[in-house]
Amino acid sequence: MKYISTWLLIGLLFILAITSQAKPKKTKNKQKQIDGELVKAESCKAANCKLPDCRCSGVTLPRSKFAGQEKEIPQFVTITFDDAVNVVNYAQYELLFNDLTNPDGCPASGTFFLSHEYTDYTRVNALYNAGHEIALHSVSHGDGTDYWRTADMAIIEKEFGNQLDILETFAKVDRKSVRGMRLPFLQISGNNTFEAARRLGLAYDSSWPTQQFKDPPMWPYTLDYLSEQDCQIGPCPDASIPGFWVNPMVTWTDLEGYSCSMIDACVYPPEDNIDDLVDWMLENFNRHYEGNRAPFGMYLHAAWFARGRNYFAAFRKFIHKLRTYPDVYLTSISRMLEYVKKPVLGKPFKKCPTLPTTECQARQCNVRKVSTGEERYISVCDKCPTVYPWLDNPLGQ
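Nothing here was measured: the structure is a model prediction, and the numbers come from that model.

A. Representation of the packing of helix H5 (residues 153–170) against helix H6 (residues 191–199) in the model. The geometry of H5 relative to H6 is characterised by a closest axis approach of 9 Å and an angle of 50° between their N-to-C directions. In terms of axis orientation, H5 runs oblique to H6. Between H5 and H6 lies a crossing whose hand is right-handed. Within the contact between the two elements, H5 uses Met153, Ile156 and Glu157 and H6 uses Asn192, Thr193, Glu195, Ala196 and Arg199. A class-by-class count of the residues in the contact of H5 with H6 yields three nonpolar, two polar and three charged.

B. Seen up close, the side chain of Glu117. Looking at the secondary structure, you find Glu117 in the loop between strand E2 (111–114) and helix H3 (121–129). One polar contact links Glu117 to Lys369, side chain to side chain, over a distance of 2.7 Å. Engagement of the side chain of Glu117 in a polar contact is seen with the side chain of Arg376, the distance being 2.7 Å. In contact with Glu117, not counting residues within four places along its chain, are Ala84, Val139, Lys369, Arg376, Tyr388 and Trp390.

C. Representation of the state of the cysteines in the model. Taken as a whole and judged by the stated rule, the model has seven disulfides. For Cys44, the disulfide goes to Cys56, at an S-S distance of 1.9 Å. One disulfide, between Cys44 and Cys56, carries an S-S torsion of -65° and so falls in the left-handed class. Here Cys56 lies in the loop between helix H1 (2–19) and strand E1 (75–82) and Cys44 lies in the loop between H1 and E1, a separation of twelve residues in the sequence. Between the sulfur atoms of Cys360 and its disulfide mate Cys381 the distance is 2.0 Å. Taking the sign of the S-S torsion, -95° for the link of Cys360 and Cys381, the bridge is left-handed. In this pair, Cys360 is assigned in the loop between helix H9 (333–341) and strand E14 (362–369) and Cys381 in strand E15 (residues 374–381), connecting sequence segments 21 residues apart.

D. Main features of the pattern of salt bridges. Within this structure, the stated rule accounts for 16 salt bridges. The salt bridge involving Arg175 is made with Asp165; its shortest N-O contact spans 2.9 Å. With Arg175 in the loop between H5 and strand E4 (180–181) and Asp165 in helix H5, this pair connects stretches of sequence that are ten residues apart. The partly exposed category is assigned to Asp165, whose relative accessible area is 24%. Put simply, Arg293 and Asp327 hold a salt bridge, and the shortest N to O gap is 3.3 Å. Within this pair, whereas Arg293 is found in the loop between helix H7 (274–289) and strand E12 (296–301), its partner Asp327 is found in the loop between helix H8 (311–322) and strand E13 (328–330), the two being separated by 34 residues in sequence. For Arg293, a relative accessible area of 1% corresponds to the buried category. Here the salt bridges do not stand alone but share partners, grouping Glu117, Lys369, Glu374 and Arg376 into one network.

E. Inspection of the nonpolar core at higher detail. The biggest cluster of nonpolar side chains holds 91 residues, and the ones touching the most others in it are Phe81, Leu167, Phe285, Met298, Phe315 and Phe318. Discounting chain neighbours no more than four positions away, the residues touching Phe285 are Gln75, Val77, Phe296, Phe318, Leu322, Tyr325 and Val328. Core analysis: the next-biggest nonpolar cluster, separate from the first, contains 17 residues, Phe66, Phe76, Trp219 and Ala294 among them.

F. Structural detail: the packing of helix H2 (residues 87–97) against H8. Between H2 and H8, whose axes approach to 9 Å, the crossing angle comes to 30°. Relative to H8, H2 is oriented roughly parallel. In the packing of H2 onto H8, the handedness of the crossing is right-handed. Only Phe312, Phe315, Arg316, Ile319 and His320 of H8 make contact with H2, whose side of the interface consists of Gln92, Leu95 and Leu96. Classifying every residue of the contact of H2 with H8 gives five nonpolar, two polar and one charged.

G. Structural context of a nonpolar patch on the surface. Where nonpolar side chains cluster on the molecular surface, the patch consists of Leu255, Val267 and Tyr268 and spans about 270 Å² of accessible area. In this structure, Leu255 sits in the loop between strand E10 (252–253) and strand E11 (259–260).

H. Geometry of H6. Judged by how many residues are buried, H6 sits mostly within the fold: seven of nine residues are covered. If you check which residues of H6 are buried, you get Asn191, Asn192, Thr193, Phe194, Glu195, Ala196 and Ala197. Just downstream of H6 lies Gly201, where phi reads positive at about 90°.

I. Region of the structure containing the pairing of strand E8 (residues 241–246). Relative to E8, strand E5 (residues 204–205) is paired through two bridges, and the arrangement is parallel. From the neighbouring strand, Asp205 faces E8, where its bridge partner is Val246. Taken together, the three bridges between strand E7 (residues 221–223) and E8 define a ladder with antiparallel strand orientation. The partner of Thr222 across the bridge, within E8, is Trp245.

J. Geometry of H5. Between its first and last C-alpha atoms H5 spans 25 Å; for 18 residues at 1.5 Å apiece the expected length is 26 Å, and the two agree. The backbone nitrogen of Ala154 has a side-chain oxygen 3.2 Å away, supplied by the residue at the start of H5, namely Asp152. Positive phi shows up at Lys172, right after H5, with a value of about 60°.

Here is what the cut-offs are and how they apply
- Residues numbered from 1 in each chain as written.
- Predicted model: local features only at pLDDT ≥ 70, side-chain atom pairs only at ≥ 80, totals over all residues.
- Heavy atoms only, no water.
- Axes fitted to C-alpha atoms, helices over the stretch in contact; angles between N-to-C directions.
- Helix = DSSP H or I, 4+ residues; strand = E, 2+ residues; numbered from the N terminus.
- Parallel < 35°, antiparallel > 145°, perpendicular 65-115°, else oblique.
- Left-handed = near helix turned anticlockwise from the far one by under 90°.
- Contact = heavy atoms within 4.5 Å.
- Nonpolar A, V, L, I, M, F, W, Y, C, P; charged D, E, K, R; others polar.
- Polar contact = N/O pair within 3.5 Å; in protein donor to acceptor, adjacent residues only side chain to side chain.
- Disulfide = S-S within 2.5 Å.
- Salt bridge = Lys/Arg side-chain N within 4 Å of Asp/Glu carboxyl O.
- Buried < 20%, exposed > 50% of the residue type's maximum accessible area, 1.4 Å probe, protein only.
- Core = buried A, V, L, I, M, F, W, Y, C linked by side-chain atoms within 4.5 Å.
- Patch = residues over 30% accessible without salt bridge, like charges linked within 9 Å, V, L, I, M, F, W, Y side chains within 5 Å.
- Areas by Shrake-Rupley, 256 points an atom, 1.4 Å probe, with all protein chains shown as cover.
- Pairing = 2+ DSSP bridges.
- Expected span 1.5 Å × (residues − 1).

The quantities given are spatial measurements derived from coordinates; they are silent on function.
Next comes the structure, spelled out in structure tokens:
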């Protein structure tokens, strides 16, 4: 039920955003500077913001000199799943990505924004070893949007820093490989969110939807300078956070013209028919592919597949159709950002990424969740915790 309410909440937020204003306006972030360290961001000037470390939010092509050569820009597709990895959805992920390769012969990959509760860490280890990106979605998932909207840096650092400890210990994921995060309910807390992520050593956030910049769609950018992105679910940042990347969640359009930041938040999708669903996905994809080639995001929860008899089959058919394109690459967000930092025309990478080879001895554990007294089952690598891992005790000691 938590995931269903998440979809509905995100969908309602977007409907309200659209119907309450003719033109989306940027929400002013009235936060004070954090600990006196952050300064108000200034408008970005391309002359002062150079790749690979800085990118203005208003830049519509990887390089200005690529103008007129848009068809030679590689098209990235980033498939992301939020929330827990379990036995059921892991089997779906295997079916989706099995033997799926990109035009350069490298394996296709996705990004998994994990929430801790009910996650099977042996399956996380398998995804990690298969070359998928493991990213953060918090330990607790919070108690609704208010929790995240008002979260200070200490809460953000605890939720995501503790999750790094859990992943390293129980899934054997190298914490240095964890580069990104997404806030539950897509609810950011202004400057706090991004500065806390930077302090944790993360490189990017992908929690910020845009409906204003979807035609042409927005490319990723850094927060060195003030973002031009519309603020749909505020407060949004107004401080300079050098070198930290935003992967904007460019919205889809449903059949009634409403914007949706995640596929499962689309209020009016097509009928439950494979061809109709695939055509709808292609329509949203072509806005990127036939335009400025900004990365195309397919953001969802795996539970969406259970909402329609043909949803999974349609999703699988669509991504397998993409493999027939000579210039479409299904990659993790982190790998896509590698390209954005050093963009070229044609083949985007010189070689395939090296896959991790961590060993995981699966253990099924029955432990107590201290905060509630519940008995919990958790699958981990190598050694069971004494109690259920949670905030302030991520190793379950």
